[in-house]
Amino acid sequence: MPTGLVYLALNHHQITMADSTNILSEEKDGILYLTINRESKLNALNFDTLEEIRNIFNEVSDNKNIKAVIITGSGEKAFIAGADISEIAELNELNARKFAENGQEIFSLIENCHKPVIAVVNGFALGGGCELAMACHMRIASSNAKFGQPEVNLGIIPGYGGTQRLTYLIGRGKANELMMTGDMIGAEEAKSLGLVNHVCSNKAEALDKAEEIIQKIVSKAPLAIGMIVDCVNAVYIQGENGYQTEANSFARCVKSGDYKEGTSAFLEKRKPEFKGE
C-alpha cells in the first residue's frame, strides 16, 4: 500500500485551512473561496489534497461564519484534471477498494454539506475533477470547460462516485456513453444535459455568477437550506423514503425560530432576519 494511502485511510490527521498546502482558502463576506492550487499538475487530486478537502469541509460544517463555499482550480487550463496518476499506478487489489471508499467518503462531505457549495469549473474537469464537481450542489462553467470520466483509458472506472452521480445527473444512456468511450464534452453540451447550471464566457464571470446565486441563497433561512440538501439527496439513497424525509424536515423547520421570523416578516411586510436557529 502506498504511504500516502496508509496516511489517508488510517490517520486522518486534523489540519486546518491555514495548514493546507495544496488548497488556497480565503473567506470574504461569509463565502469561503477554495482554489485547488497544483497548477503545474493541472490541479490533479493527490492523497494530500483529498485529505485537505476532508478537513476543510469538517471545519466548514462547524464554522458559523462560513455561509457558502465556492471551489475552483488554479489558473485557466484546469479545474481539476483528474486524480494523480502516479499515485493510482501504485494501487493493488488489496488497497484499491479503500482508495475508492476514501474518495467517496470525502466527496459525500461536500454533497451533504448544509451550506451551498458551488463548483466554478474552469478548463478540464476530468476523472476525479468531474466527480468532485458533481458532488457540489451546483456547477457553473467557463466556456472553455471540458467534462469527462476517461478512466477506461487507464483500464479502470470512476471510483469517487462518478458512476452514480453522472447517471443521476444526465441519465443512464449518456452516462454509459461518456464513461465507456472516455469522451469529453464541452460546457454547452454539459449544460444541455443538466450537468452544468450556467455557462459563462470566462472564469471571472463564472465566479461572479456563483456569487450572485450564493447571495440569494444566504438571504434565506439557513436551516431550511440545509433541509433542502437532505431532501434532495434522499432521492438517491436506496431504501430511504424521500417523502418521509421531506415531511420530517418540514416539521423540523416549523420548530425553528427562522420559521417564526419568516412568517412574521411576511405578514408584517418586512424583510426577515434569519439566524439559523
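Residues numbered from 1 in each chain as written. Predicted model: local features only at pLDDT ≥ 70, side-chain atom pairs only at ≥ 80, totals over all residues. Heavy atoms only, no water.

As recorded in an unreviewed UniProt entry, the protein chain goes by the name Enoyl-CoA hydratase, listed as coming from Mongoliibacter ruber. Quoted verbatim from the Sequence similarities (unreviewed entry) field of UniProt, the annotation for the protein chain is "Belongs to the enoyl-CoA hydratase/isomerase family." (UniProt positions renumbered as here; feature names shortened; annotations may be inferred.)

Asks: In this structure, what is going on with the domain arrangement of the protein chain? I would like to understand it.
Replies: Buried accessible area, meaning the area lost when the parts come together, often serves as the stated size of an interface. When its domains are assigned, the protein chain resolves into domain 1 (23-218) and domain 2 (220-268). In this structure, domain 1 and domain 2 have C-alpha centres spaced 26 Å apart. Listed per partner, the contact involves 10 residues of domain 1 and eight residues of domain 2. Contact between domain 1 and domain 2 buries roughly 770 Å² in total, counting both sides, with carbon and sulfur atoms accounting for 54%. Summed over the three residues of domain 1 that lose the most area to domain 2, namely His114, Tyr168 and Ile217, the buried surface amounts to 62% of that side. Taken together, the links from domain 1 to domain 2 amount to zero salt bridges. (Domains from an automatic or database assignment. Contact = heavy atoms within 4.5 Å. Buried area = accessible area lost by both parts, 1.4 Å probe. Salt bridge = Lys/Arg side-chain N within 4 Å of Asp/Glu carboxyl O.)

Asks: How do you make sense of the packing of helix α5 (residues 128-135) against helix α6 (residues 162-170) when you look at a structure like this?
Replies: A pair of packed helices is characterised by two quantities: the angle between their axes and the separation of those axes. Two elements in contact, α5 and α6, have axes whose closest approach is 10 Å; the angle formed by their N-to-C orientations is 55°. Our classification of the angle between α5 and α6 gives oblique. The two elements α5 and α6 meet at a crossing, and its hand is left-handed. The residues of α6 that touch α5, namely those facing Glu131, Met134 and Ala135, are Gly162, Arg165, Leu166 and Leu169. By residue class, the composition of the contact of α5 with α6 is four nonpolar, one polar and two charged. (Axes fitted to C-alpha atoms, helices over the stretch in contact; angles between N-to-C directions. Helix = DSSP H or I, 4+ residues; strand = E, 2+ residues; numbered from the N terminus. Parallel < 35°, antiparallel > 145°, perpendicular 65-115°, else oblique. Left-handed = near helix turned anticlockwise from the far one by under 90°. Nonpolar A, V, L, I, M, F, W, Y, C, P; charged D, E, K, R; others polar.)

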